[in-house]
Amino acid sequence: MNTTIKPALEALYSELGSDERVFALMLGFYEAMARDTMIGFFFFGKDLVAVSRKQAEFLLRAMGARESYSGKSPAQAHGHLAPILPGFFDRRARILEEYLRTQGISESGIVAWVTFEEAFRDAVLNR
Ligand code: HEM
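Residues numbered from 1 in each chain as written. Predicted model: local features only at pLDDT ≥ 70, side-chain atom pairs only at ≥ 80, totals over all residues.

### With respect to the overall build of the protein
Scanning the protein for helices and strands turns up seven helices and zero strands. The N-to-C order of helical and strand elements in the protein reads α-α-α-α-α-α-α. In terms of overall size, the protein behaves like a compact globule, its C-alpha atoms giving a radius of gyration of 14 Å where 127 residues would be expected to give roughly 14 Å. Each principal axis of the C-alpha distribution contributes one length, and for the protein these read about 35 × 30 × 25 Å. Within the protein, buried positions represent 20% of all 127 residues. Long-range pairs, those at least 24 residues apart, make up 69% of the contacts in the protein between residues at least 6 apart in sequence. (Helix = DSSP H or I, 4+ residues; strand = E, 2+ residues; numbered from the N terminus. Rg over C-alpha atoms; globule rule 2.2 N^0.38 Å. Buried ≥ 20, exposed ≤ 12 C-beta atoms within 10 Å, placed from the backbone. Contact = placed C-beta atoms within 7 Å.)

Printed below as a string of structure tokens:
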């Protein structure tokens, strides 16, 4: 991970205040993606609670709130899915931004989270 984002992610964790809040926001984000007409199909039949939990653990480690992460890496997690096109990745970023805004997250916090996701663009697209 790009180390320059780490302080911003730590600040975001302080703003959110608990692991539970991160889990709840990630689930809300996944529910918003699952409802989306453009990328919702990726999530048909998926256990959104389980997948969002894994991804929240991944984010929590990056925020410095967890020592380790036991799930797949972003490069490994998508190999069995339909091709993730750049437009799908962009759409996901917009959904995240809009969802976090509805939840009252600060603009700097939103930038930190979206920038974190962006760091995995190549890993997710070229899996
Ligand atoms: C448009 C972009 C993306 C789509 C459509 C997508 C879709 C998915 C789906 C459907 C799963 C569940 C796979 C399954 O259980 O069969 C998944 C898992 C996961 N994704 Fe993504 N993803 C995207 C981008 C990202 C990004 C940017 C990251 C990293 C920040 C990421 C990290 C993960 C992780 C950590 C898991 C869980 C791995 C595990 O279960 O061990 N994904 N993704």
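Additional details are given in the paragraphs that follow.
### A short note on helix α6 (residues 107-118)
Between its terminal C-alpha atoms α6 stretches 16 Å, which fits the 16 Å expected from twelve residues at 1.5 Å a residue. Looking at the packing, one finds that the buried side of α6 touches α1 (6-16), α3 (48-62) and α5 (86-102). (Expected span 1.5 Å × (residues − 1).)

### Points about the site of the ligand
What surrounds the ligand is a group of 21 residues, the closest being Lys-54, Gly-71, Lys-72, Ala-77 and Arg-92. Sorting the residues of the shell around the ligand by element identifies α3, α4 (74-77) and α5 as the ones contributing at least two each. Tallying contributions element by element places α3 first for the shell around the ligand, with four residues. Along the lines of polarity and charge, the residues of the shell around the ligand split into 13 nonpolar, three polar and five charged. (Near = placed C-beta within 6 Å. Nonpolar A, V, L, I, M, F, W, Y, C, P; charged D, E, K, R; others polar.)

### With respect to the packing of α1 against α6
Where α1 meets α6, the axes come as close as 9 Å, and the angle between the chain directions of the two elements is 125 degrees. By the angle class used here, α1 and α6 are oblique. The handedness of the crossing between α1 and α6 comes out as left-handed. Residue-level contacts link Ala-8, Leu-9, Ala-11, Leu-12 and Glu-15 of α1 to Ser-108, Gly-109, Ala-112, Trp-113 and Phe-116 of α6. (Axes fitted to C-alpha atoms, helices over the stretch in contact; angles between N-to-C directions. Parallel < 35°, antiparallel > 145°, perpendicular 65-115°, else oblique. Left-handed = near helix turned anticlockwise from the far one by under 90°.)

### Remarks on the environment of Gln-103
Relative to the helices and strands, Gln-103 is located in the loop between α5 and α6. Given 14 C-beta atoms within 10 Å, Gln-103 falls into the partly exposed group.

### Description of the nonpolar core
Leu-9, Leu-12, Val-22, Met-26, Leu-59 and Met-63 are the most contacted members of the largest nonpolar core, which has 21 residues in total. Secondary structure elements with two or more residues in this core: α1, α2 (19-35), α3, α5 and α6. Among the elements that make up this core, the one with the highest residue count is α2 (six residues). Ignoring anything within four residues of it in the chain, the contact list for Met-26 reads Ser-52, Gln-55, Ala-56 and Leu-59. (Core = buried A, V, L, I, M, F, W, Y, C linked by C-beta atoms within 7 Å.)

### A few points about the environment of Lys-6
By the secondary structure assignment, Lys-6 is in helix α1. Along the chain, Lys-6 and Pro-74 lie 68 residues apart, while their C-alpha atoms are 18 Å from each other.

### With respect to α3
A rise of 1.5 Å per residue sets the reference length of α3, with its 15 residues, at 21 Å; its end C-alpha atoms lie 21 Å apart and thus fit the reference within 8%. Along α3, the residues classified as buried are Ser-52, Gln-55, Ala-56, Glu-57, Phe-58, Leu-59, Leu-60 and Ala-62. Those residues of α3 hidden inside the fold are in contact with α1, α2 and α6. Looking at the residues trailing α3, positive phi occurs at Gly-64, about 85 degrees.

Remember that the coordinates give geometry; whether it matters functionally is a separate question.
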